[in-house]
Amino acid sequence: MTLDPGQLGESKADLAETLRELRKRAGRTQVWLAQRCNISQTKLSNIETARITPGLIDVELILSALNAPQELVAEVKALARLANTEWQGKRSSWRRGLERRQAELAGLEKEAKTLRYFLPAMVTGLLATPEYIRASLGHSPVDTSKTVARKLERQAVLYDTAKQFTFLLTEQAIRWAIVPHAALAVQIDRIASLSHLPNVRIGVIPLGASVSRGPMNTFTVYDQRLATVETFTGRIVFQDSRDIAEHLDVFSLYERHAVFDGEASSLLTEWARSCRS
């Protein structure tokens, strides 16, 4: 499926209209279809009016109950997958205010219990020092002072022991010098210190590790319900279960090639020392 950001806003309404028309063509009522799919009529009504976006399982149940033509099934499933994908452009974030994005991230972090971060290029804000955060926002054409403050506030979530965090960082991400070497050493020290938190696992993938799949994108998976992928121009939010499962599989692949605990600490100490020398 080709992802066209311009389609994403329309796909939810298109899916709702398609499902509604399929039901009407089959001569079935909402009550009948809801009972056959074991969902409430209210939920079905909300699906057909695009108030809520159905997951792929709900769409498959509806298509099966209506005995939809096979030539339409693949098309409607693709539409459902697109409807469960959201594009958030950076220009839109700049217009709304970057601190609003921080509030959205804080909401995701508050709801999730298991959070996984794959970081092939840079350190994420949850692990970053103030100087590193300011440098990472240097390209933004808007005032970032409030954003820096909100990023630092978000770091408190790491101390919530009801949550489990796993951060996988490549050596390049850790050693990429967006700050002077002395400040980078402090940043590396911070990563090492956070690795001692009981609910935080920090894995390092050193250069030279033989990994069969290239690190394409930074991504985060919240529990098993949502994944976000970062690009230069924005981020993609996936809610389709297959997309989330694929990102979890990719995360597991990189996790198997990462080093943790004492071995990771030794590398971090070595890299910090190198920055200071």
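Position numbers for residues start from 1 in each chain and track the written sequence from start to end. Where local features are concerned, this predicted model is filtered to residues with pLDDT of at least 70; where side-chain atom pairs are given and counted, the filter is 80 or more; whole-chain, interface and lining totals use all residues. For side-chain calculations, the full set of non-hydrogen atoms in the structure is used, while hydrogens and water are omitted.

Engineer: Would you mind going over the overall build of the chain in detail, with residue names and values included?
Structural biologist: Helix numbering and strand numbering both begin at the N terminus, where a helix is a DSSP run of H or I of at least 4 residues and a strand a DSSP run of E of at least 2. Looking only at helices and strands, the chain features 13 helices and 7 strands. With the C-alpha coordinates of the chain rotated into their principal frame, the extents come out at 75 × 40 × 35 Å. By the burial criterion, 47% of the 277 residues in the chain qualify as buried. For the purpose of counting charges, residues Lys and Arg are taken to be positive, whereas Asp and Glu are taken to be negative. His and the chain ends are not included. Here the site of a charge means atom NZ of a Lys, CZ of an Arg, CG of an Asp or CD of a Glu. Across the chain, the centroid of the 36 positively charged side chains sits 3 Å from that of the 31 negatively charged ones. With a 1.4 Å probe rolled over the protein chains alone, any residue whose accessible area is under 20% of its type maximum counts as buried; one over 50% counts as exposed, and the rest are partly exposed.

Engineer: Hey, could you go over the nonpolar core for me, with residue numbers and the actual values?
Structural biologist: With 42 residues, the main nonpolar core has Leu 127, Leu 158, Phe 165, Phe 167 and Leu 169 as its most contacted residues. Where this core is concerned, the elements lending two or more residues are helix H7 (98-111), strand S2 (114-119), helix H8 (130-136), strand S3 (164-170), helix H11 (181-194), strand S4 (200-205) and helix H13 (261-276). The element that contributes the greatest number of residues to this core is H11, accounting for 7 residues. Note on contacts: a residue pair qualifies if any of its non-hydrogen atoms lie within 4.5 Å across the two residues. Those residues within four positions of Leu 127 in sequence are excluded, and the remaining contacts are Leu 119, Leu 158, Phe 167, Leu 169, Gln 187, Arg 190, Ile 191, Leu 194 and Ile 202. Throughout this description, the term nonpolar core refers to a set of buried Ala, Val, Leu, Ile, Met, Phe, Trp, Tyr and Cys residues connected via side-chain atoms within 4.5 Å. Counting residues in hydrophobic clusters, the runner-up holds 22 residues, among them Ala 34, Leu 56, Val 59 and Val 73.

Engineer: I'd like a rundown of helix H4 (residues 56-65), residues and numbers included.
Structural biologist: Looking at H4, one finds that the buried residues are Leu 56, Asp 58, Val 59, Ile 62, Leu 63 and Ala 65. Asn 67 sits one or two residues past H4 and shows a positive phi near 50°.

Engineer: How would you sum up the confidence of the model for the chain? Please name residues and give values.
Structural biologist: Any region with low pLDDT has predicted coordinates that should not be read closely. Known as pLDDT, the predictor's per-residue confidence is scaled from 0 to 100. When pLDDT is averaged along the chain, the result is 88, and 93% of the positions lie at 70 or above. Every residue in residues 1-9 scores below 50 in pLDDT, and together they form 14 contacts with partners more than four places removed in sequence or on other chains.

Engineer: Give a detailed account of the packing of aromatic side chains, specifying residues and quantitative values.
Structural biologist: Centres within 6.5 Å are what make two rings of Phe, Tyr or Trp a pair, Trp counting through its six-membered ring; a difference in plane orientation under 30 degrees is then read as stacked, over 60 as edge-to-face, and the rest as tilted. Per the stated rule, a full pass over the model turns up 5 aromatic pairs. On the basis of an interplanar angle of 70° and a centroid distance of 6.4 Å, the ring pair of Phe 219 and Phe 251 is categorised as edge-to-face. Of this pair, Phe 219 sits in strand S5 (residues 219-222) while Phe 251 is found in helix H12 (residues 241-256), placing the two residues 32 residues apart along the sequence. Both residues of the pair, Phe 219 and Phe 251, belong to the buried class. Aromatic ring contacts, followed pair by pair, group Phe 118, Phe 219, Phe 251 and Tyr 254 into a single cluster. For Arg 28, the ring lying beneath its charged end belongs to Trp 32, and the centroid distance is 4.0 Å. When the NZ atom of lysine or the CZ atom of arginine is within 6 Å of a ring's centre and also within 35 degrees of its normal, the charge is said to sit over that ring.

Engineer: Break down the sheet that holds S2 for me, citing the residues and quoting the values.
Structural biologist: With respect to topology, 7 strands assemble into an open sheet ordered S1-S7-S6-S5-S2-S3-S4, the strand pairing being mixed. Each having just a single partner strand, strand S1 (85-89) and S4 make up the two edges of the open sheet. For this sheet, the mean inter-axis angle between neighbouring strands, taken without regard to orientation, is 15°. Any two strands with at least two DSSP-identified bridges between them are counted as paired. Taken together, the 5 bridges between S1 and strand S7 (residues 234-238) define a ladder with antiparallel strand orientation. Note that in S7 the partner of Gly 89 across the bridge is Gly 234. Where helices are involved, their axes are fitted lines through C-alpha atoms of the stretch in contact, as for all axes, and angles between N-to-C directions lie from 0 to 180°.

Engineer: Give me the side chain of Ser 136: which residues, what numbers.
Structural biologist: With respect to the helices and strands, the residue Ser 136 is situated in helix H8. Reaching out from Ser 136, the side chain makes a polar contact with the backbone oxygen of Ile 133 at a distance of 2.7 Å. Under the rule applied, a polar contact is a pair of N or O atoms within 3.5 Å (in protein, one hydrogen donor and one hydrogen acceptor; residues adjacent in sequence only if both atoms are side-chain atoms).

Engineer: Can you break down the pairing of S5 residue by residue, with the values?
Structural biologist: Alternating residues of S5 divide into Phe 219 and Val 221 and Thr 220 and Tyr 222, and every residue in both groups is buried. The sheet contact formed by S2 and S5 spans 4 bridges and is antiparallel. Residue pairing across strands places Leu 115 opposite Tyr 222, the latter belonging to S5. Linkage of S5 to strand S6 (residues 226-231), two consecutive antiparallel strands, is achieved through a turn of 3 residues, within which Asp 223 is found at a positive phi near 50°.

Engineer: Tell me about the layout of surface pockets, residues and numbers included.
Structural biologist: In this structure, the largest pocket spans a volume of roughly 1,400 Å³. With a 1 Å grid laid over protein atoms only, a set of points is called a cavity when a 1.4 Å probe fits there but cannot get out and a pocket when it is open yet has protein on both sides within 12 Å along at least five of seven lines; lining residues have an atom within 4 Å of a point. The wall of the largest pocket is formed by 50 residues, among which Lys 90, Ala 121, Met 122, Thr 218 and Glu 230 lie closest to the centre. When residues of the lining of the largest pocket are traced back to their parent elements, those giving at least two are helix H6 (90-96), H7, S2, H8, helix H9 (145-154), helix H10 (171-175), S5 and S6. Looking at the lining of the largest pocket element by element, the count peaks at 5 residues for H7. In this count, Pro and Cys sit with the nonpolar residues alongside Ala, Val, Leu, Ile, Met, Phe, Trp and Tyr, while Asp, Glu, Lys and Arg are called charged and the others, Gly among them, polar. Among the residues making up the lining of the largest pocket, the classes are represented as 25 nonpolar, 16 polar and 9 charged. Grid points are joined across faces, edges and corners, and a volume is the space filled by probe spheres set on the points.

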